[in-house]
Each structure stands twice: as structure tokens, then as C-alpha cells.
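Below, each chain spelled out in residue letters.
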Number of protein chains: 2
Amino acid sequence: MSATPQTVPPASTVEAIKEKARRLSILSMMSTTAAGSGHPTSCMSAAELMAGVFFYAMKFDPKQPNSNQGDRFVLSKGHAAPVLYSALAEAGVFPESRVMTLRQFSSELEGHPTPRIPGVDAATGSLGQGLSVGAGLAIGARLDKSPTRVYVLLGDGEMAEGQIWEAAEFAGHYQLDNLTVLADVNALGQSAPTMYQHDMDVYRRKFESNGFAAEVIDGHDVPTILAALDRAKATKSKPQAILARTVKGHGVDFLAGKEHWHGKPIPKDELSKAIAEIGPAIQLPPDPGKSYERASLPKPPDFPAPAAPDYNPSKPVATREAFGAALKRIGAVNPHVVAASGDVKNSTFSEIFGDAFPDRFYQGYIAEQNLISLGVGLQARGKVPFLDTFACFLSRAYDNVRMAAISRANINLCGSHCGVSIGEDGPSQMALEDIAMFRAVHSSTVLYPSDAVSAERLTEAMARRPGINYLRTSRPKTPLLYSNKENFPIPGFKVLRQSAQDRVTVIGAGITLHEALQAADELKARGTNIRVIDLYCVKPLDGKTLAEQIATTGGRLVTVEDHWPEGGIGEAVLAALAAAGANLSKYRMLAVREMPHSGKPDELVDAFGISARHIVGAVGGIA
Amino acid sequence: MSATPQTVPPASTVEAIKEKARRLSILSMMSTTAAGSGHPTSCMSAAELMAGVFFYAMKFDPKQPNSNQGDRFVLSKGHAAPVLYSALAEAGVFPESRVMTLRQFSSELEGHPTPRIPGVDAATGSLGQGLSVGAGLAIGARLDKSPTRVYVLLGDGEMAEGQIWEAAEFAGHYQLDNLTVLADVNALGQSAPTMYQHDMDVYRRKFESNGFAAEVIDGHDVPTILAALDRAKATKSKPQAILARTVKGHGVDFLAGKEHWHGKPIPKDELSKAIAEIGPAIQLPPDPGKSYERASLPKPPDFPAPAAPDYNPSKPVATREAFGAALKRIGAVNPHVVAASGDVKNSTFSEIFGDAFPDRFYQGYIAEQNLISLGVGLQARGKVPFLDTFACFLSRAYDNVRMAAISRANINLCGSHCGVSIGEDGPSQMALEDIAMFRAVHSSTVLYPSDAVSAERLTEAMARRPGINYLRTSRPKTPLLYSNKENFPIPGFKVLRQSAQDRVTVIGAGITLHEALQAADELKARGTNIRVIDLYCVKPLDGKTLAEQIATTGGRLVTVEDHWPEGGIGEAVLAALAAAGANLSKYRMLAVREMPHSGKPDELVDAFGISARHIVGAVGGIA
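Rules and cut-offs
- Residues numbered from 1 in each chain as written.
- Chains lettered and ligands numbered in written order.
- Predicted model: local features only at pLDDT ≥ 70, side-chain atom pairs only at ≥ 80, totals over all residues.
- Heavy atoms only, no water.
- Helix = DSSP H or I, 4+ residues; strand = E, 2+ residues; numbered from the N terminus.
- Buried < 20%, exposed > 50% of the residue type's maximum accessible area, 1.4 Å probe, protein only.
- Contact = heavy atoms within 4.5 Å.
- Polar contact = N/O pair within 3.5 Å; in protein donor to acceptor, adjacent residues only side chain to side chain.
- Least-squares fit on C-alpha atoms with pLDDT ≥ 70 in both.
- Phe/Tyr/Trp six-rings, centres within 6.5 Å; stacked < 30°, edge-to-face > 60°.
- Lys NZ or Arg CZ within 6 Å of the ring centre and 35° of its normal.
- Domains from an automatic or database assignment.
- Buried area = accessible area lost by both parts, 1.4 Å probe.
- Salt bridge = Lys/Arg side-chain N within 4 Å of Asp/Glu carboxyl O.
- Nonpolar A, V, L, I, M, F, W, Y, C, P; charged D, E, K, R; others polar.
- Pairing = 2+ DSSP bridges.
- Axes fitted to C-alpha atoms, helices over the stretch in contact; angles between N-to-C directions.
- Expected span 1.5 Å × (residues − 1).

1. What to know about the environment of His417(A)
All names here are of chain A.
Now for step 1: With respect to the element layout, His417 can be found in the loop between strand E10 (411–416) and helix H16 (434–439).
Now for step 2: With relative accessibility at 3%, the residue His417 sits in the buried group.
Now for step 3: In this structure, the C-alpha to C-alpha distance between His417 and Ala431, residues 14 residues apart in sequence, is 6.9 Å.
Now for step 4: With sequence-adjacent residues up to four places away left out, His417 is seen in contact with Arg320, Ser347, Phe390, Ile422, Gln429, Met430, Ala431, Thr473, Ser474 and Arg475.
Now for step 5: Only 2.8 Å separates the side chain of His417 from the side chain of Ser416, close enough to count as a polar contact.

2. Some remarks on the relation of the copies chain A and chain B
Now for step 1: Least-squares fitting of chain A to chain B yields an RMSD of 0.0 Å, with the transformation described by 0.0 Å of translation along the axis and a rotation of 180°. What the superposition gives is, in effect, a two-fold axis relating one chain to the other. Residues of chain A ranked by C-alpha distance from the rotation axis are headed by Gly162(A), positioned 1.8 Å from it.
Now for step 2: In this assembly the copies share their binding face: 100% of the residues contributing to the interface of chain A also contribute to that of chain B.

3. Some thoughts on the packing of aromatic side chains
The geometry of an aromatic ring pair comes down to the distance between the two centres and the angle between the two planes.
Now for step 1: Considering all chains together, one arrives at 35 aromatic pairs over all chains under this definition.
Now for step 2: Ring pairs connect the aromatic residues Phe54(A), Phe55(A), Phe60(A) and Phe73(A), which therefore count as one cluster.
Now for step 3: A cation over a ring is seen here: Lys20(A) above Phe55(A), with NZ or CZ 4.8 Å from the ring centre.
Now for step 4: Here the basic side chain of Arg360(B) rests over the ring of Phe357(B), its NZ or CZ set 4.4 Å away from the ring centre.

4. What to know about unusual backbone geometry
Now for step 1: The omega torsion across Ile490(A) and Pro491(A) is -5°, close enough to zero to call that bond cis.
Now for step 2: Checked against the element boundaries, Pro491(A) lands in the loop between strand E13 (477–478) and strand E14 (494–497).
Now for step 3: A cis amide bond, omega 0°, links Lys539(B) with the succeeding residue Pro540(B).
Now for step 4: Looking at where Pro540(B) falls in the secondary structure, it is placed in the loop between strand E17 (537–539) and helix H19 (543–551).
Now for step 5: The backbone of Ser443(A) shows a phi angle near 70°, a positive value even though the residue is not glycine.
Now for step 6: Inspection of the secondary structure puts Ser443(A) in the loop between H16 and strand E11 (444–447).
Now for step 7: The backbone of Phe349(B) sits at a positive phi, close to 75°, despite the residue not being glycine.
Now for step 8: The topology assignment puts Phe349(B) in the loop between helix H12 (345–348) and helix H13 (351–356).

5. Topic: the domain arrangement of chain A
Residues and elements named next belong to chain A.
Now for step 1: Partitioning chain A into structural domains gives domain 1 (19–278), domain 2 (317–478) and domain 3 (495–622).
Now for step 2: Centre-to-centre, using C-alpha coordinates, domain 1 lies 31 Å away from domain 2.
Now for step 3: Of the roughly 2,300 Å² buried between domain 1 and domain 2 on both sides combined, carbon and sulfur atoms contribute 55%.
Now for step 4: On the domain 1 side of the contact with domain 2, Leu143, Glu166 and Phe170 bury the most area, a combined 22% of that side's loss.
Now for step 5: Counting every contact that joins domain 1 to domain 2 gives 2 salt bridges.
Now for step 6: Between Arg381 and Asp144 there is a salt bridge, with the nearest N and O atoms lying 2.7 Å from each other.
Now for step 7: With 9 residues, the single largest contributor to the side of domain 1 that touches domain 2 is helix H6 (residues 130–143).
Now for step 8: Its residues assigned to classes, the side of domain 1 that touches domain 2 shows 12 nonpolar, 13 polar and 5 charged.

6. Re the sheet that holds E14(A)
Each strand in a sheet pairs with another by means of backbone hydrogen bonds, the pair being arranged parallel or else antiparallel.
Residue and element names in this part refer to chain A.
Now for step 1: Pairing in this open sheet of 5 strands is mixed, and the strands run E14-E16-E15-E18-E19 from one edge to the other. This sheet does not close on itself; its edge strands, each paired only once, are E14 and strand E19 (586–590). Going from strand to strand, the sheet's axes swing by 20° on average, the running direction of each strand aside.
Now for step 2: Alignment of strand E15 (residues 504–508) against strand E16 (residues 530–534), held across 5 bridges, turns out to be parallel. Paired with Val504 across the two strands is Ile530, which belongs to E16.
Now for step 3: Against the sheet, helix H22 (residues 612–622) touches E15, E16, strand E18 (556–560) and E19, its axis set at about 165° to E19.

7. Some remarks on the sheet that holds strand E5 (residues 240–245) of chain B
All names here are of chain B.
Now for step 1: Spatial strand order, E1-E2-E3-E5-E4: 5 strands in an open sheet with parallel pairing. Where the open sheet ends on each side, the last strands, each with one partner, are strand E1 (72–75) and strand E4 (213–218). Within the sheet, the average angular offset between the axes of one strand and its neighbour, ignoring direction, is 20°.
Now for step 2: Pairing analysis gives 6 bridges linking E4 to E5, with the strands arranged parallel. Within the sheet, the bridge partner assigned to Val216 lies in E5 and is Leu243.

8. Quick notes on helix H6 (residues 130–143) of chain B
Residue and element names in this part refer to chain B.
Now for step 1: For H6, with 14 residues, the first-to-last C-alpha span of 20 Å sits near the 20 Å given by 1.5 Å per residue.
Now for step 2: H6 sits mainly inside the fold: 12 of its 14 residues count as buried.
Now for step 3: On its buried side, H6 packs onto E1, strand E2 (150–155), helix H7 (162–173), strand E3 (179–185), strand E8 (361–363) and helix H14 (368–380).
Now for step 4: Immediately beyond the C-terminal end of H6, within one or two residues, lies Lys145, with a positive phi of roughly 50°.

9. Some thoughts on the interface of chain A and chain B
Now for step 1: Facing the 99 residues of chain A at the interface are 99 residues of chain B.
Now for step 2: Of all residues in chain A, the largest losses of buried area upon contact with chain B belong to Phe105(A), Met195(A) and Arg396(A), amounting jointly to 11% of the total for that side.
Now for step 3: The tally of links from chain A across to chain B stands at 12 salt bridges.
Now for step 4: Between Arg396(A) and Glu161(B) there is a salt bridge whose closest N-O contact spans 3.4 Å.
Now for step 5: In this assembly, chain A and chain B are joined by 51 residue pairs in polar contact (both at pLDDT 80 or more).
Now for step 6: Among the elements that line the side of chain A that touches chain B, the one with the most residues is helix H7 (residues 162–173) of chain A, at 7 residues.

Right under this line is the structure:
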């Protein structure tokens, strides 16, 4: 792994680590049997690795296990949660008795780790994401010029996930030598043996081909593990992979290397026999029931107001371009902002930020899953990540966004090129499901600007707002709608056309808002007034104030969106109104209902039913 | 790549292929300049590779380019569409003049390939998916004992996508020697050089470490390409990777290897100069405007009625288990059914099918993106794929599902373990967004059975139904609700409780339907009758017939779902009713509104607001 000579830890240290490993195995067995579910055998294969990392390699303060002063650990194979909880308990983060509350309704020690637990930075349990989170933590440490080292425990089953290799490639490319992978290769997946079982050399070649310093070891031999951890620490300019050959259920004869024990606790009547094989039982007092849930989670740091936008009101600008301009303005006053793009910085315009702050911008290449999980790691270190690609390609990272929400993460995502209005590239590049996707994320905020000023103001709002923030930007240049001083509260909307004679309320955003304004002008010329609302904030949505507007137009409503009908603006509005007890007298939903194809933006907006012409028709049908 | 001696194709063949390559480059330049957009330089790097594959290696009938009798080609780097269209034209699939309609509103030749075009089996354009599709086609050919070979052209930029390595590992593991990858390594991504640029050996090591026979060649040297294609054909028991060092914009001095030309057509006034560097211009007649759109796309083959389910009405069965039982019954009468699972066959119960038909079942390992795209390849060969994992992990493959819809694919997905009712494993394993996700897919059908009989009948319906079919199954055992003979039309719903005195309609599915039935009993005991509807088909949804039911309960409605409020059953019902012009007098939406955690299923169903108790309360609030 490196030229460093093999170190020989003192025998007393080795014995101490062995004892820790023994305790981690026993606590994992005891807690899962008590819970009646869980994955003890997946913990036992990793006991010596965990003991080595936590009680030999890592330096951290058990009173502040998430501190940026200390080293960090990510359990990518989240189903081995009990061995992590046991390690945290042995380290003094909470009492051992607390581990026995595993998986109980009232316990913060859930079936899979979440940041509710001190010492956990990101939720895991959807496999294959932990190395990306670790890479984010490692990048954050590098940005902070911190000595923090990051350790990630992988399972072999999850190495079938492509994201592991997105992350490995990223870590190798950026030479993250403060990142150490420990792979627990126990050769058994959930339903069957893994693809490579104990062919350790395959894993070595894979990690080496991605720029890692890799070595294969016996994952149950403590001196070997400690020496490997020493070599990893000494390795420069490369991330390290310690590939450990292990046995699932190690230490207990009727479990060791046996199939059909995945995710099964040891029956109560066999527990003491199993424990006896590993050593003296552990006697624990009853847990007093005190929760150790983290009192506070990372929040986006405050920052002074950035320079105001200064757009020429007569010059159209694409919202995607305004996003990039805003990011640069914010970056100038907020040193915590870090941006990364999925090789589309010249389309999403994050290159404006990247050119201004090259040391805070990362080329994420075409690897969206890694891109999003990277942000989860960055925010866990107090950074304010902005991650971008085409909106449609964020669908590739939906599981990562879902897990980011369970991680209580504060991340900012920008998806450009939404809808049919992108034109000639065709449907593979058109996001028509992104509003539905992001609305159905806990703690999410969904923003959809229609002009450059709102795009800039909403981008700033994202940097201040906790949770999963999503900005939907459009490809075409659009006219300015607002003065450079306009504010955009969340939740909120803007009424752009109104009169006492309004017959119908029309709600749009992005391209369709401009179509609605054109429709309003055409209708007015024919003597029909309509109210036009810019729904720049799709979630959260204040149904009550929206209902008041619609009531003044007799409950007649048209929504129009560059999105599928399902889960988009129309359904968001219907649900908000229903929750507010509001009734619609007449309603028309305009959305994209057929599979689009290539064509000019204007041709497509009209052909797929969301242009001014269709709005005029819909209004005519209910006015 | 193999022991086969280097073959030497005759000079006349080499010259013919060179001429084809020249024409492919020129047509790619001409068509993109005419379109005013597109990616000519990404085509030019691949011209010799494409010429070699189409006019030397592949055997197919240009009149039936999607036939199972011939070889198949997948353009994974979909943005190089013009070079594919040019190759299809040169092969006689349609006239060269048709290529000049590229990206026009009226043309089937879209900005990125779709199966609207003869010779295209799957839509590409979201990168990194083509190798999985190719693996699906290759497996299908193997199942058919067909000599079909499958060729996949990859770009180097897209090799940053983890899915490429999920697919490579899969192809290597299953020794798909009828699958040949050509990698067009031109070293330039969209926004910047690729991670590895021309470090060809990295790619070789990556493919070799995944079980490929790999070799590096000069991607512009025709004799070398043809020899490599011969060696690939001769390789046994391994897929092959021909890693071609190429130059983006090859052949034209002001484009070759130059940055900032990605996705940019050659300006009209420079086109003839550029063409002249490659050779004599191509004169084409004006295109007559005849469409070559494929007349028909694959449909699920018909099959005889499978054995009927035979459940004991008094014995609860989990819907996930019924799915597996149904799959076995269907597999017995439909030889086209092929199933694959993401290493959870023992949780989703597809193992029941796998045990009965091992040669039609694939272990997909923990790689959901590959799993879904594999299905797209299988169905393009006339198979009926059923792909399963936990419902929450299907979020990992959302982009693949999106592209499957653009591919007009017929695939069947089963997601188990939906919602908080899974219990102790916690939120990382709970699908709470899957209904929103699958509803927002064009051509999708979303099915949500509440008992074993409906689960079996709906699984059979999926095997007969085109499009993207999704079955949401639950973890807990649930009582039987229907006789083994019951039918479940799509769209449709069942009214399980009704009387002339019903005050409120309650709509549920899965676990919440059983909670609703319990609530109905409790309310009836207190003198309040409610109507209870089983919404087993969430999409499509017939709002008119649903409105008739709700009207008879005074427009008072409660929906209850084990899902986030956004995009789920509640919003689906609201949208369907609004489209039908129906008005609700009073409405309550019960859904999961806070981030769940571990606990017993019953504890969680109650704690997160979707239990009988909450339904009783909601009914009481509006009855």
C-alpha cells in the first residue's frame, strides 16, 4: 500500500482491540436478539475492522463525535448498525445499555443509522452511498485544511452498486488521501453468495484501477488490521482500500459462513450458546431510558446579503444563467458555499461560480448519484453545497435525494433544461417528472423561477434554508418580470395580472407563466380579464392565500405547467386548496400529456398543449 | 483479446469501410448544420468504429433491422445520433436524404435515438444505460439459443456513470460472449476533458477487472478496427471491450481535439471547408418527406390463462408473497416471462418463480439501474421482464424507468416493503414516494393490491399490458378480501362497504384499506356508516365512476395512504375528480407527514397518522 515499513503495535494494544471486537460482536448479537430483528451476522464479520478503526485508528471526542476537529466514520453497509452503535457505546458516546434499545419505537437507535444518533453524519441503509458521503466529508476536510481522516466501511454486496465506483473514481481522481475504505468482504449477500465471493483480487484490481492504494488482508486478524490502518494513514496522494476477507457470523460455529442467516437475529434460546463461543457474556444494567438523540443538526450558516442583481429590464435572460450569476454573488459573501456539476457547468451556468472560485468548485463528471451523496458529506461538515445537472438527470439520483432527506441534510440542487421548452434535443433531455419527484421528498422546498431576478433571489434563499432545496431552471431566455429589488418569500406567489373583472385565475411558472401573460393580453383584447399568478414556490404552498385569490375569480382556475400532469403544479394546487377547504367551481389542468419529441421550443410548447393558445382555449371553456 | 491470429481483411474491404466512415462523418456534419443543433464532433470520433460495426461485423436485414434473426446495435452515447442515422441510411434502412430531416418537428429522426426509428431498440441520451440494454438483448438471445450478437457503442464521458460498471460486472459474471463493447474514447466531455482523457490503460484495467476481454486500439485505423471486431467474434465465454483511442471532431483540423465544440454544429459558412478536409461532398436530393417511423413496436405476447389462485379465505397472506406465486403460475403458461431481482428474491418472493424456472431467473445483485435497463433490452427481444426489489430502491432506477418509457418499453416492476408498515428496519427501507414516482411516468400503470387474490390477478394483468407496469406490494400478511375468482379490471376499484346511509367515502389501498375496514366496523358500531373503496388501480383512474360513488356520500371523502402526501393516492383522486368536474364538499387526506423511524408496524401505522383510529377521527370531522 505504501513504502512505510510494517509497524508492529504492542501486544497490549492488540489484546485491547481484540477485547473490543469481542464486545462489539456480543453486543450486536444481544441487541438484535432483544429487538427480534436485525443483522447480527453482518456485524460479526466486521467486528475486528470496527474495533481497529474506532479504538486504534480514529481520533475523536466521544462527547462531540460529529465535530470537525475529529476523524469521521461512515457505515456504508447500514444494516450493520448494531456494530456501529456498539462501537459508539464502547467509545463512550452513550452507555452500552442504550444499545439494547435497538429498533424500539422510543429509541434513537434505529434499524439503520441516521444522524439522530451522535456520531452519525448521514443516514445509510440504501446501499452503495457511503463512499460518496465519505468523499464529501474528505473534500470538506481538505477545504478546511483540517487533519480529519475519513473512514468508510463497505460491504461486499453493495460493491455491485455502480455508485461505489462513481465514488471510487472521484476519490482516486482528486487524490483524497484522507479517505480510507475498509471493505468487509464476507462473501454472502442477502439472498445468495455475492458475485465474487472471496475472490479478493478482483476487488483489489477494481480499486487500484480507480486510483486507490489497495491491499487484501484477513479481516479477523487484529495485528494485520492495525498494521494496514497504519499503512493507510501513511499513504500520500491516494485514497486507500483495505480489502478484508471476512466470515459472515464470524466466531459462532452455527452462523459462520452459513447462508440463510442474513437479517435474522439469533433465537433467544440459542443466544447464550452463541455468546459463549466468543467469550464471557456481557452483563448490562437495564437501560434508564434516557434518549441520546442529537440535540442539534447542522444548519446552513448565516451570511451577509450578497450584491443585488442588476438586470436590464429590457434584456431577456435565462433563469439557468441567473442561477450561475447568483451563485457567484453568494459565494463572494459566503465562504461555505461549494458547488459541483455533473459535467454540465456550461449549460447550468455553475461555471460562473467555478470561474470565480475554482477552489470551491468540483467537476463531478457524469455521475449524478455520487454528486448528490457528495453534497450530503459536505453539508455534514458545515458546507453549503450546490449541485447541478440537467433536471431530468437528477432522476438518476432520486434515491440519493431520498436518503439525503433521511439524513436531515441541507443540500441545494439545481436542475436546468426542464420540460418540452428545451426543444430539439428531445425527450431524453426533458425533465417532465422533476416537480413530482422533489415534492415527494420530506423537508423539500421546490422553487421554479420565471425570470432572472426571481431565480437569483430564490438561489439566495436556498443557501439560507435547511432541508432539500430544489431550483427548477429553464433553458430559453425569458423577459424580466420583476425589479432587481423584488423579494420572494417562501411560501409565496406573485399576482402579475389582476382586475376587479377577472373571470378566471391562471397559475403558471417558468415558460408557462410567460404563455399565461400572453394569453392574458390576448383575452383582454377580447374583453375577458384573467388573473395571472406566478407560482415561483411550488412547495411549500399556502393554500389559504391562494384560495382567496381564486375565490375572487369565482373559483374558476386553470393551471398550466411544462411537466406531466401527475404530481406537478396542478396537483400541488388542488391538494393545497382541498386542505384549505376551498372549492373550485371550474378547473382545467394544462400539462404535457403525450410523449414529446424533437422540434423548436415554440413548436413543442404549442404542440403539447401548454401555450398561450391552449390557455386562451381553457379559459374560454370555463369563463 | 483471444488466441485467434490477427485476420487481415482484403484491401478492397478496408477501402469500402473507409469510404463508409467518410460518408458517416460528412452526413453527420451536414445534418447537424442543417438542423442548427446537435453533436457532429461526437459523431466524427466514432465514424470508423460505426462503419466497422455496421458494414463489416454486423449481420442484419435493413428491411427488418429490429428482427431477432439479426445482430443488434445500441448507441449508448445517444447524442451521437446523427452517425447512427447515417449508418442506418447507408445500410438501406431509409434514404440518406432522410438524415437531413434530423431534429425537425415532423421527423422521426430525433435529437437522440428512440425506437420510433427502425433499427433502434431503446431510447438513449441519458448516458450510461446502453450497456445494460445490450446485456438484456444478449441474455435474450442466449435464452433464444440465437446466434445474435449485440454491439454497444459507449462514449468515454459516460463511463463515469456507475451503471456502466454495474452492467460490465453483470456481463462479465454471466460470460456474455455475444456482447461486444466499442468505447469511443475521445477524451473530451461536454464541459471539459474527461477524467482519464487518453489514459487508455485505465479503461482496459477496469473492463478486465469486470471480466471482459479488452484491448486498446487506434479508433481511426480501419484495418485495426476490423481485426479487433474479428477477434471479438472469436472470443468465447467473455464479453469483449474494444477500447478505441479517438479524436473528437476527427478529420477536420479546426475541430479535431478542440474543446468548446461539444454539441455545436458547424456554422453553415464553414461546412464545405470542413467537408472538403474529409473528401468529396455528398450531393443529396431533397427529402420527399416520407416518414420511416416504425409501424409497430413490441407488444407483450398473449398467453393462456394461468392456474387460478387457490387461497384459503381464512389464512392471511402478504401481497408480496402472492406476487411470487402468481409469477410462477404465469411462467408456467408464458415461456417469454423472465425475472430478475436485486438480491432480494427471498423478500420479494420472486424466488418462487426462480426456483421453478431457474433458466429464466437472473440474480441482478444490488444494482437497480442495471436491473431496469436490462429489462428494456429483454423486452426489445420479445421477452416479458419482471424486475423486483424493495420499492424504495426502485427510486435508484428512476432515470432508467423514465428512459424505459421513452423507449416505449413493456416492463413489469414489483416494489415490495412499501411504507411505514414495514416496521423496525426504519425509513431507509420504507417506500413513501414510489406512487408519486411511478404515476409521473408516461404510459405507466400503478397497481396496489390489498390482498393475495388481487395481487395475483394484477400480476397477470401486468404480463398482458403494454407500457411501464408497477406493482406495489406490502410486507405484512393481510387477510383475504376476495374470492379466488374475482376479477380486477384496469382501471377500476372495488366497493367493499356500502349502504344507503353512508356518510363518507373512505379510499385506501394496501395496509390502509384494512385500517379503513376496521374503522368502518368501529364507526358502524357507533351508528355511522361509511363507504370503503379499494383503489387497487391508482393509475389509470376513472374519475367519473369514482365521483358517482363519492356523490352518494354527499361529496364527503377521506383518502388514506402509506405514502407521503405528495403525488400519492390522495392527489391522484383529487386530480381525477377535478378532471371529471366533480366537487367535494369535505375532504381529509391522511398520509405520512413526518419522517418515520423504527418501531413495530402497528405502532408506526398509528403514530404516523394512517391507522383506523385516525380514519375514525377524520370521518368524525366531516360526517
